[in-house]
Amino acid sequence: MSGPTRVLARSLTGRAPARPKTSLNIIRHVSAGVRIHEAESQGYCNKQMPLLAKDPRQTVVILGSGWAGYNLFRHLDPQYYRCIVVSPRSYFVFTPLLASTAVGTLETRVVIESVRDKGMGWRKLSDVLDDILKRKDIAMKRKNIKDMESSLPTVELVEAIATDINMKDKMVTVSPRIPDVDANQTFDIKYDKLAVAVGCYSQTFNIKGVKEHAFFLKDVVDARRIRKRILERFEAANLFLMSQERKRELLHFCIVGGGPTGVEFAAELHDLINDDMQHYYPKLMPYVQITIFDVAKSILGTFDRSLSEYAEKHFRRHNIAIRTGVRVQEVTGHSLRIKNENSEDETVNYGLLVWSTGLAPNPFVAGCDVVVKDKRNNIVTDNYLNVYAKHSNSDAVLNKDVFALGDCAQIEDGYLPATAQVASQKAKYLSKELNREAKSKGDGECQPFVFNNRGIMAYIGGWRAIVQGNGGEVKGRTAWLLWRGAYFSMSVSIKNKILIPIYWFTNWLFGRDISRF
């Protein structure tokens, strides 16, 4: 082709521009640090994410934006590390409050934090205060700092999922997850440090019909769908066309799984019905039923028996049915086929089914053959969160530049529960050690990770909760105050710290919004 090669910008949709085929210049990074151009003649260019010019920092690629991934990049020092977050979603979800979101106690926006919005809330507030107080000199200094930070961004987001890891060349292959972008087109991201924190999926035990008909509670999208379905069921049951039997089916809300997530959703749903729906649909209240199904002998198995019994008694007083020792055989669009307490087949009709029965391996981890995994398909790490890399002709070797944390990883010979508390502590530990390593330039001794159990808690409805910790057991309204106080303090941004108590107060004063949209 005569003339210089033209550089074409790829469209936001990911499709090639409607012009004659022309070579595309992409930038590749080589080990010597030289940036060279390589031409390809397709609508996409493979295939490596370019590094920033004149950026002396190490590149940390973080797979996942959950409790582990989000807390890791928040606490890494941007002076030493450039963070690239690879995640199919652009936000972090504060999962303990998802059940509240699903019934309208809170709005979805207050339980998410943008991955890109690292510290922007505080900065904007500071700018407003500077403007009000006429502190122009301070404002100018802060502007200079922000200009310097903008030239070297602290966090970059790639909306994609990882498909492969090349530990030899320190490359991660990712596939985009953006509408109108071909997911089959992959590209590589080079790293200095890699943190695998992709989390887990909901466990379905391969029961027929679960994925097609049940609702899960892992994301704000799930909470929004559940909220809409609840309101739809009340509206449908309110039609004069419906028979009494059909009304009972529509207003039977089933939860499979008696862990904290299932129990808290049942409690929040009861509050919604008792506090609000009974005022709008008083004639439908005799048909409403909430049922919790669990294969174990009791709900809340991670709590002491005294606390789980307290929760069961509280539920039964509020007409929430608990059916333990039940196995689900099949799920259809309107019914559950179960093996009941007496090992007899039974069919249970429902209007809404929420599935919360534990965790299943992330497909990326399940298919990853370059790291050592345990029997549960969790990535095995040492006490410093380093992974064991597999080699074809030798035993597994510890990789000092690749880490695994969160629900997808377990420390060898030290099983810990897959909870937000564990994931958050691992992330803060790893960021602290990486910051120390960068500041000391590798000197000093690294300390192993030690989990500090701060207790567990669950909301059981009616302004009551249960709390189990090192200080003993607390239940009732005192525990409810501890539950709300803990989750309020754990919320990240200043915006959400303001909005969460505002929604709590306004919904208590005026009731929840039951508009369906």
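To be clear, the structure that these remarks concern was listed above.
Here we summarise the structure given alongside this text. (Residues numbered from 1 in each chain as written. Predicted model: local features only at pLDDT ≥ 70, side-chain atom pairs only at ≥ 80, totals over all residues. Heavy atoms only, no water.)

Comments concerning the sheet that holds strand 17 (residues 345-349)
At step 1: Pairing is antiparallel across the open sheet formed by 3 strands, whose spatial order is 15-16-17. Two strands in the sheet have a free side with no partner beyond their single neighbour: strand 15 (327-331) and strand 17. In this sheet, neighbouring strand axes are inclined to one another by 30 degrees on average, regardless of whether the strands run parallel or antiparallel.
At step 2: Of the strand pairs in this sheet, strand 15 and strand 16 (residues 335-339) are connected by 4 bridges, and their pairing is antiparallel. Paired with R327 across the bridge in strand 16 is K339. (Pairing = 2+ DSSP bridges. Helix = DSSP H or I, 4+ residues; strand = E, 2+ residues; numbered from the N terminus. Axes fitted to C-alpha atoms, helices over the stretch in contact; angles between N-to-C directions.)

Focus on the sheet that holds strand 13 (residues 289-294)
At step 1: Taken together, the 4 strands give an open sheet; going across it, the order is 14-13-12-18, and neighbouring strands pair in parallel fashion. Two strands close off the open sheet at either side, each with one partner strand: strand 14 (320-324) and strand 18 (352-355). When strand polarity is set aside, the average angle formed by the axes of neighbouring strands in this sheet is 20 degrees.
At step 2: Where strand 12 (residues 252-256) meets strand 18, 4 bridges bridge the pair, whose relative direction is parallel. Each bridged residue has a counterpart across the sheet, and for V256 the counterpart in strand 18 is W355.
At step 3: Its contacts with the sheet place helix 6 (residues 220-237) against strand 12 and strand 18, and it is angled at close to 155 degrees to strand 18.
At step 4: Each of strand 13 and strand 14 is contacted by helix 9 (residues 305-317), which is oriented at about 135 degrees to strand 14, the strand it contacts most. (Contact = heavy atoms within 4.5 Å.)

Examining the packing of helix 12 (residues 477-490) against helix 13 (residues 494-510)
At step 1: In contact at an axis separation of 9 Å, helix 12 and helix 13 are set at 150 degrees when each is read in the N-to-C sense. Between helix 12 and helix 13, the interaxial angle falls into the category roughly antiparallel. Across from R484, F488 and S489 in helix 12, the residues of helix 13 making contact are K497, P501 and W504.
At step 2: Grouping the constituent residues of the contact of helix 12 with helix 13 by class yields 3 nonpolar, 1 polar and 2 charged. (Parallel < 35°, antiparallel > 145°, perpendicular 65-115°, else oblique. Nonpolar A, V, L, I, M, F, W, Y, C, P; charged D, E, K, R; others polar.)

Quick notes on the environment of G258
At step 1: For G258, the position within the fold is in the loop between strand 12 and helix 8 (260-280).
At step 2: Under the relative-accessibility criterion, G258 is labelled buried at 4%.
At step 3: Spatially, the C-alpha atoms of G258 and T357 are 7.6 Å apart, while their sequence positions differ by 99 residues.
At step 4: In contact with G258, other than residues within four places in its own chain, are V263, I292, F293, D294, I299 and L300. (Buried < 20%, exposed > 50% of the residue type's maximum accessible area, 1.4 Å probe, protein only.)

Examining the environment of T478
At step 1: Secondary-structure assignment places T478 in helix 12.
At step 2: Separated by 15 residues in sequence, T478 and W463 place their C-alpha atoms 9.2 Å apart.

Describing the nonpolar core
At step 1: With 95 residues, the main nonpolar core has I226, I230, F234, F253, F265, L269 and F315 as its most contacted residues.
At step 2: Leaving out residues up to four positions away in the same chain, I226 has contacts with A102, F215, F216, L217, F265, L352 and V354.
At step 3: Among the nonpolar cores identified, the runner-up in size contains 28 residues, and M49, V61, L194 and A409 belong to it. (Core = buried A, V, L, I, M, F, W, Y, C linked by side-chain atoms within 4.5 Å.)

A closer look at the packing of aromatic side chains
The relative placement of two aromatic rings is captured by the distance of their centres and the angle of their planes.
At step 1: Under the counting rule described, the total for this entry stands at 12 aromatic pairs.
At step 2: On the numbers, 5.4 Å between centres and 50 degrees between planes, the contact of W67 with F94 is tilted. Of the two residues, W67 is situated in helix 1 (residues 67-75) and F94 in the loop between strand 5 (91-93) and helix 2 (98-102); the sequence distance between them amounts to 27 residues.
At step 3: Of the residues examined, F94 reaches a relative accessible area of 4% and is grouped as buried.
At step 4: Each member of the aromatic cluster is reached from another via a ring pair, and the members are W67, Y70, F73, F92, F94, Y459, W483 and Y487.
At step 5: The lysine or arginine in question, R376, covers the ring of Y415, its NZ or CZ lying 4.5 Å from the ring centre.
At step 6: Between K497 and the ring centre of F488, over which it is positioned, the NZ or CZ distance is 5.6 Å. (Phe/Tyr/Trp six-rings, centres within 6.5 Å; stacked < 30°, edge-to-face > 60°. Lys NZ or Arg CZ within 6 Å of the ring centre and 35° of its normal.)

Remarks on the pattern of salt bridges
At step 1: Within this structure, the stated rule accounts for 19 salt bridges.
At step 2: D276 serves as the salt-bridge partner of R512, at 2.5 Å between the closest nitrogen and oxygen. Of this pair, R512 sits in the segment after helix 13 while D276 sits in helix 8, and the two are 236 residues apart along the sequence.
At step 3: One connected set of salt bridges, linked through shared partners, spans K170, K193, D401 and E437. (Salt bridge = Lys/Arg side-chain N within 4 Å of Asp/Glu carboxyl O.)

Remarks on helix 9
Structural remark: α-helix, 3.6 residues per turn; residues separated by three or four positions point the same way.
At step 1: Its 13 residues place the ends of helix 9 18 Å apart at the C-alpha level, agreeing with the 18 Å of an ideal helix rising 1.5 Å per residue.
At step 2: The set of residues buried in helix 9 consists of L307, S308, Y310, A311, E312, H314 and F315.
At step 3: Those residues of helix 9 that are buried are in contact with helix 8, strand 13, strand 14, strand 24 (456-461), strand 25 (464-469) and strand 26 (472-476). (Expected span 1.5 Å × (residues − 1).)

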